[in-house]
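So you can see what is in the structure, the chains are spelled out below.
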Amino acid sequence: MKYLFQLCFLLAFSMLAAQAPPLTYYLPDIAYDPSVPTPESALGFQIGEWHLSHDQQLYYLRKLADASPRVTLTEYARTYENRPLVVLTITSEANQGRLEAIREAHLALSDPTRSGNANTENMPVVLYQGFSIHGNEASGGNAATLVAYYLAAGQSPEVQRTLDETVILLDPCFNPDGFQRFSTWVNMHKNANLTDDPQDREYHEVWPGGRTNHYWFDLNRDWLPAQHPESQGRLRIFHQWKPNVLTDHHEMGSNSTFFFMPGVPERTNPITPAINQELTAQIGAYHAAALNEIGSLYYTEEGFDDFYYGKGSTYPDANGGVGILFEQASSRGHLQATENGPLSFAFAIRNHVRTAISTQKAGVEMRRRLLDFQRDFYRSAMEEARADERKAFVFGDAYDAARLGAMLEVLRRHEIAVFQLDKPITANGIKFEPGAAYLAPLEQPQYRLIRGIFETTTSFQDSIFYDISSWTLPLAFEIPYTALKGKAYSPAMLGAPVLGVEPPVTGVRPAFSNYAYLLEWESYFAPKALNYLMSKGLRAKVALGSFTLEGKPFERGTILIPVENQSKTPGEVHQLVVEAAARAGSRFYAVGTGLSPQGIDLGSSSFEALQRPRVLLLVGEGVSAYEAGEVWHLLDQRYGIVVNQIELADLQNRNLDKYNTIIMPSGNYRSLTAAGWEKLKAWAGKGGTLIAVRDAIKAAQQQGLAQVQFRNKKVDNKDTPRRPYERLSADKGSEEVGGAIMEIQADLSHPLFFGYHRERLPSFRQGTLLLEPAKNPYASPALYTEEPLLSGYIKGENLDLLRGSAAVIVSGTGAGRTICLAGDPNFRAFWYGSNRLFANSIFFGRIINSDAVERNTALTK
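Just so it is clear, the structure is predicted and the values come from calculations on it, not from any experiment.

**Concerning the overall build of the protein**
Right, so step 1: Within the protein, the secondary structure is distributed over 25 helices and 34 strands.
Right, so step 2: Relative to the globule expectation of 29 Å for 861 residues, the C-alpha radius of gyration of the protein, 29 Å, shows essentially globular dimensions.
Right, so step 3: When its C-alpha atoms are laid out on the principal axes, the protein stretches across 85 × 65 × 65 Å.
Right, so step 4: Out of the 861 residues belonging to the protein, those deemed buried represent 60%.
Right, so step 5: If you take every contact in the protein between residues at least 6 apart in sequence, the share linking residues at least 24 apart comes to 80%.
Right, so step 6: For the protein, the exposed surface amounts to about 33,100 Å²; the carbon and sulfur share of it is 49%.

As structure tokens, this is what we get:
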């Protein structure tokens, strides 16, 4: 009987997979308004039969909004590929008529000065339901259309109560570019007779896959950094409404089942109030009931966690709401054989539909609890702030207004109140000046999120993290900061409040000169200005020493643009300098003499000629798409540098002489052929600058392109005690450095650190790759300090190994330079502080003195 049952199940499942399921497979069997189009009637196929493309999804949702008075559609942003991001505001027709009044009343709950008068008895609860932030986790975005139809057309008492008592912000596709990319792949490989073979090409996307956005970023890590238009638009919607519950519909490995929050209890961020997790568990009971009803397997409190506030399901926890992650086993196509039996795309969609509806049911039945929690969250935040000995965080940087402005922009996107510093202060040995420093008082509603942004921690209840263990923003931006405690703080320090989000654009139009222009390298966007001028044919040099000219001191790294012996007239040179200053917001100084009363003169040999970067980025199988995307985004979006990309497998057939800089993002490089490696070695030997990041250093070393030695942990099995089998996974996880902040000590006289003013610098660290300092005493311009851990988790013995290891090594073959970066200087686009190291590697790599290079003598000969 057992085998007969299994056979019947498989036959039934195969029949379902081969034909379009009825609407009632997904949705409750209730009456629906016939004037509202179903997805099938509008698209010509049933959901689950094909993967929706983003344009198909948008087409249907626009028709839905036109047909139903319950739905309004709002475009809130555009992706890099110019695709609209939209949110559907769904509620009863009566509520639609007073939507702004509902929103204003709801926002009062997050304002302790007004929340006492807010009456929640009849106040709708606000639910933000989001789908497919990873484009190749497509069952969520396909489910969104069905959920929207259910709410727009459903005629049952339950639907009506949901509409009366909730405002639902339905965000059908968090990541349109990735969603479109993935749908194209799976639909173009779909068989008329479906195959469930996991080896089939349908289930194996080509690099980089559809998970990420246009620049290959994981948008589900960008809620806090907010570096991309998708996230920035989403945050505007979030804070316009401050939802009580936010759900985030994902997929995971095909051999899994279904996960919903809460996550691992020990890995909840300690800043999050305990009641948040209690409410999460209560909502989870509704999901369990919904999945029980349709016989779907599920689990909770395993694998995933609520620690990093930059994820969609955790960000609400620091903002008075409850974040919930859903993870559905992925068919990664239309039908795939798994350990749990055949998994169809329709089955994955149905689980998301049912848990979206169970979220709505929980929202209705827990409405008062959720609203009261939101009010109490902000009230208690103010009480905790008053009891906190710290009264404010002060932060500032006199050297780089652009980097400071970028950090300020992030804080304002999260509605953190920030004020200009009104008078100069010195705190904890750090000087802060008005005009270059700001204050974030702790006694404000966003107290908990401020803590999550500014605090450092090195002590944790658990040693395993689903994501990074630290993200302290002032360290990432390399902005000096400190907490002001007790009487060290006074409200009199507060100047004008910072209004809006975008930092003010400040700039000085360069004066005219017949002699030369100087560009200080401290400005974050100086590389953009320099690249623009060189792209227009101007020659440029960089100062290897400091000097004073016309009463102003200039540091190493200052860029010289001589007026004479250019291919342009003095007037044309001036116009280009004016344009560069405007584009980059950088300050140029017009000078009329080259004679310096102190330091090097402008005609000195201590000014090195620069080449315009001609950059090749290696991509493809064997390269981290995340880290390649970080490079592409930095150079393309921020510096305006043309980025050429070649797949590893194609390198052997390409002309590398067109490039003077080749970038190897982290990866294993297994798809780079022997002929490709030989071509790369020949190019490097002729004087190219090769930049190898993290694991790419291993590949470069194995091929003789990097003369480095790795520092490895010694393993002595004789001294290793027996361990319980159940601890295996946890023990292995504790060895990982998933993301922590370390301190390096840099040689500021080295070209790779031009533009920096502090020898001790924060550096983001992932992985366990460690470099021994170079034998050449000049070839290791940065080492990890003896006490390197600034914030985050690293196992004690790994920390011991890190002490004194090299963070940067300059190696090389022939006339070339191989710059080895042990950490990721461009992490997730918000590590502004170490972007300069990467820019310096590109612009100044070739001018590093050959005697300061760790040589591979075998290849040199």
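**Quick notes on the sheet that holds strand S23 (residues 598–599)**
Right, so step 1: Across the sheet, which stays open at both edges, the 3 strands sit in the order S20-S19-S23 with antiparallel pairing between neighbours. For this open sheet the edge positions go to strand S20 (552–554) and S23, each flanked by a neighbour on one side alone.
Right, so step 2: Across 2 bridges, the pairing between strand S19 (residues 547–549) and S23 is antiparallel. Residue Phe547 lies in a different strand from S23, and its bridge partner there is Gly599.

**Here we look at the packing of helix H7 (residues 139–153) against helix H12 (residues 345–365)**
Right, so step 1: Relative orientation of the contacting elements H7 and H12 amounts to 50 degrees, with a least axis distance of 8 Å. Judged by the inter-axis angle, H7 sits oblique to H12. H12 is crossed by H7, and the crossing has right-handed handedness. Note on element contacts: H12 touches H7 through Phe345, Ala348, Ile349, His352, Val353, Ala356, Ile357 and Gln360, opposite Ser139, Gly140, Asn142, Ala143, Leu146, Val147, Tyr150 and Leu151.
Right, so step 2: Looking at the contact of H7 with H12, its residues break down into 11 nonpolar, 5 polar and no charged.

**So, helix H15 (residues 447–454)**
Spacing of three or four residues puts side chains on the same side of an α-helix, whose turn is 3.6 residues.
Right, so step 1: Taken across its 8 residues, H15 has 8 buried, putting it largely inside the fold.
Right, so step 2: What H15 keeps buried is the set Tyr447, Arg448, Leu449, Ile450, Arg451, Gly452, Ile453 and Phe454.
Right, so step 3: The secondary structure elements touched by the buried residues of H15 are helix H13 (367–387), strand S10 (390–396), helix H14 (401–413), strand S14 (437–441), helix H16 (473–476) and strand S15 (481–485).

**Regarding the packing of aromatic side chains**
Two numbers describe a pair of aromatic rings. These are the distance of the centres and the angle of the planes.
Right, so step 1: The final tally for this structure, using the stated rule, is 40 aromatic pairs.
Right, so step 2: An angle of 40 degrees between the planes, with centres 5.9 Å apart, marks the rings of Phe258 and Phe326 as tilted. Linking Phe258 in strand S6 (residues 258–260) with Phe326 in strand S7 (residues 322–329), this pair joins segments that are 68 residues apart in sequence. An identical accessibility class is assigned to Phe258 and Phe326; each is buried.
Right, so step 3: With 4.6 Å between their ring centres and 45 degrees between their planes, Phe259 and Phe304 make a pair best called tilted. Taken together, the residues Phe259 in strand S6 and Phe304 in the loop between helix H11 (274–294) and S7 connect sequence positions 45 residues apart. Across the pair, exposure class does not vary: Phe259 and Phe304 are buried alike.
Right, so step 4: In textbook terms, an aromatic cluster arises when at least three aromatic residues are bridged by ring pairs, as seen for Tyr80, Trp207, Tyr215, Trp216 and Trp632.
Right, so step 5: Note that Arg836 overlies the ring of Tyr756, its terminal NZ or CZ placed 5.4 Å from the centroid.

**Focus: the pattern of salt bridges**
Right, so step 1: Under the criterion given, the structure shown has 41 salt bridges.
Right, so step 2: A salt bridge links Arg758 to Asp397; its shortest N-O distance comes to 3.2 Å. With a gap of 361 residues between them, Arg758 in the loop between strand S29 (740–746) and strand S30 (760–765) and Asp397 in the loop between S10 and H14 connect regions that are remote in the sequence.
Right, so step 3: We note a salt bridge from Glu478 to Arg758, for which the minimum N-O separation is 2.9 Å.

**Considerations on the side chain of Thr166**
Right, so step 1: Within the secondary structure, Thr166 sits in strand S4 (residues 166–171).
Right, so step 2: Only 2.5 Å separates the side chain of Thr166 from the backbone oxygen of Thr162, close enough to count as a polar contact.
Right, so step 3: Setting aside chain neighbours within four positions, we find Thr166 in contact with Ile90, Thr91, Asn95, Pro124, Val125, Leu127 and Val364.

**Structural notes on the sheet that holds S10**
The strands making up a sheet associate through backbone hydrogen bonding, with each pair oriented either parallel or antiparallel.
Right, so step 1: Read across the open sheet, the 5 strands follow the order S15-S10-S14-S11-S16; overall the sheet is antiparallel. Looking along the sheet, the strands with just one partner apiece sit at the ends: S15 and strand S16 (494–497). Taken pair by pair, the neighbouring strands of this sheet meet at an average axis angle of 35 degrees, ignoring direction.
Right, so step 2: Where S10 and S14 come together, 5 bridges link them in antiparallel fashion. Bridged to Phe393 within S14 is Ala440.
Right, so step 3: Most of the contacts of H14 go to S10, to which it runs at about 140 degrees, and overall it touches S10 and S14.

**Side note on the pairing of S7**
Within a regular strand, side chains alternate between the sheet's two faces.
Right, so step 1: Taking burial as the measure, the 8 residues of S7 include 8 buried ones, the bulk of the element.
Right, so step 2: Burial along S7 is two-sided: Val322, Ile324, Phe326 and Gln328 and Gly323, Leu325, Glu327 and Ala329, pointing in opposite directions, are all buried.
Right, so step 3: Summarising the sheet, strand S5 (residues 245–252) and S7 pair through 8 bridges and their orientation is parallel. By the bridge assignment for S7, Met252 is matched with Ala329.
Right, so step 4: In this sheet, S7 lies alongside S6 in antiparallel orientation, the contact comprising 3 bridges. By the bridge assignment, Phe259 is partnered in S7 with Glu327.

**Topic: the pairing of S14**
Right, so step 1: Most of S14 is tucked away, with 5 of its 5 residues classed as buried.
Right, so step 2: Burial along S14 is two-sided: Ala437, Leu439 and Pro441 facing one way and Tyr438 and Ala440 facing the other are all buried.

**So, unusual backbone geometry**
Negative phi is the rule for most residues except glycine; trans is the rule for most peptide bonds.
Right, so step 1: Cis rather than trans, the peptide bond between Trp207 and Pro208 has omega equal to 5 degrees.
Right, so step 2: Cis geometry is found at the peptide bond from Met261 to Pro262, where omega equals 15 degrees.
Right, so step 3: Assignment of secondary structure puts Pro262 in the loop between S6 and H11.
Right, so step 4: The phi dihedral of Ser132 falls on the positive side, at around 55 degrees, and the residue is not glycine.
Right, so step 5: Relative to the elements of secondary structure, Ser132 occurs in the loop between strand S3 (125–131) and H7.
Right, so step 6: On the basis of relative accessibility, which here comes to 0%, the residue Ser132 falls in the buried class.
Right, so step 7: Although it is not a glycine, Glu478 sits at a positive phi angle of roughly 55 degrees.

**Considerations on the confidence of the model for the protein**
Right, so step 1: Per-chain confidence: the protein averages 94 in pLDDT, with 96% of residues scoring 70 or above.
Right, so step 2: Contacts from residues 1–18, a stretch scored under 50 in pLDDT, to residues over four places away or in other chains number 11 contacts.

**Observations regarding the nonpolar core**
Right, so step 1: In this structure, Phe395, Ile559, Leu635, Tyr669, Leu680 and Phe753 are the most contacted members of the largest nonpolar core, which totals 175 residues.
Right, so step 2: If we ignore the near neighbours within four places in the chain, the residues touching Ile559 are Tyr517, Leu518, Leu519, Trp521, Leu530, Ala540, Lys541, Val542, Leu610 and Phe844.
Right, so step 3: Grouped together as the second largest cluster of nonpolar side chains are 69 residues, Phe131, Ala138, Phe260 and Tyr378 included.

Rules used throughout
- Residues numbered from 1 in each chain as written.
- Predicted model: local features only at pLDDT ≥ 70, side-chain atom pairs only at ≥ 80, totals over all residues.
- Heavy atoms only, no water.
- Helix = DSSP H or I, 4+ residues; strand = E, 2+ residues; numbered from the N terminus.
- Rg over C-alpha atoms; globule rule 2.2 N^0.38 Å.
- Buried < 20%, exposed > 50% of the residue type's maximum accessible area, 1.4 Å probe, protein only.
- Contact = heavy atoms within 4.5 Å.
- Areas by Shrake-Rupley, 256 points an atom, 1.4 Å probe, with all protein chains shown as cover.
- Pairing = 2+ DSSP bridges.
- Axes fitted to C-alpha atoms, helices over the stretch in contact; angles between N-to-C directions.
- Parallel < 35°, antiparallel > 145°, perpendicular 65-115°, else oblique.
- Left-handed = near helix turned anticlockwise from the far one by under 90°.
- Nonpolar A, V, L, I, M, F, W, Y, C, P; charged D, E, K, R; others polar.
- Phe/Tyr/Trp six-rings, centres within 6.5 Å; stacked < 30°, edge-to-face > 60°.
- Lys NZ or Arg CZ within 6 Å of the ring centre and 35° of its normal.
- Salt bridge = Lys/Arg side-chain N within 4 Å of Asp/Glu carboxyl O.
- Polar contact = N/O pair within 3.5 Å; in protein donor to acceptor, adjacent residues only side chain to side chain.
- pLDDT = per-residue confidence, 0-100.
- Core = buried A, V, L, I, M, F, W, Y, C linked by side-chain atoms within 4.5 Å.

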